[in-house]
Amino acid sequence: MKFVGGLMIGLVAGASLGALAHEEIAKLPSRGAGSNEVLKEKLDSAPGLEVVISDVVIPPDAQVPRHYHPGEEFLYLIEGTATHIEEGSPNRDLKAGDAMVIRMGKIHAPKAGPEGARAIVFRVHIEGEPERVLLE
């Protein structure tokens, strides 16, 4: 019985946090299509590396050209749906609330779903390198 009670409390708390997060996301400023840099800062604890945080918007049914990043990319999809298309890996469908890691140098070309996609992307890059390297 304790397990069921704990499970119910967990479910209610999770649903409440999810609703709160949705409300906070709705308050984010509107951004144009593309990668909108929010922060770029050198890492004191790791000389030669920098953090780049971006608010990435992909219009409905649009696909980003093939590219790779000179560092690790951590993505959290906050709106819409997308398909992560990465060379050498199966396609991965994403929906709001999903998160993933894209490893350094992996060639990919994400495609938004019919309602578009918006993600908060956190990158750890080699300092001074471009955000991404286009291949097409």
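Residues numbered from 1 in each chain as written. Predicted model: local features only at pLDDT ≥ 70, side-chain atom pairs only at ≥ 80, totals over all residues. Heavy atoms only, no water.

Moving on: the confidence of the model for the protein chain. Within the protein chain, residue pLDDT values average 84, and 77% of them lie at 70 or more. Mean pLDDT per element in the protein chain: helix 1 (residues 2-26) is the minimum at 48, and strand 5 (residues 92-95) is the maximum at 98. Here residues 1-8 is modelled with pLDDT under 50, and outside its nearest four sequence neighbours on either side it reaches zero contacts, counting other chains as well. (pLDDT = per-residue confidence, 0-100. Helix = DSSP H or I, 4+ residues; strand = E, 2+ residues; numbered from the N terminus. Contact = heavy atoms within 4.5 Å.)

Across soluble globular proteins, nonpolar side chains have a tendency to be buried as a group. Ranked by size, the top nonpolar core spans 13 residues in total, and within it Leu75 and Leu77 carry the most contacts. The element that contributes the greatest number of residues to this core is strand 7 (residues 111-126), accounting for four residues. If near-sequence neighbours (up to four positions away) are discounted, Leu77 is found in contact with Ala82, Leu94, Lys95, Ala96, Gly97, Asp98, Ala117, Arg118 and Ala119. (Core = buried A, V, L, I, M, F, W, Y, C linked by side-chain atoms within 4.5 Å. Buried < 20%, exposed > 50% of the residue type's maximum accessible area, 1.4 Å probe, protein only.)

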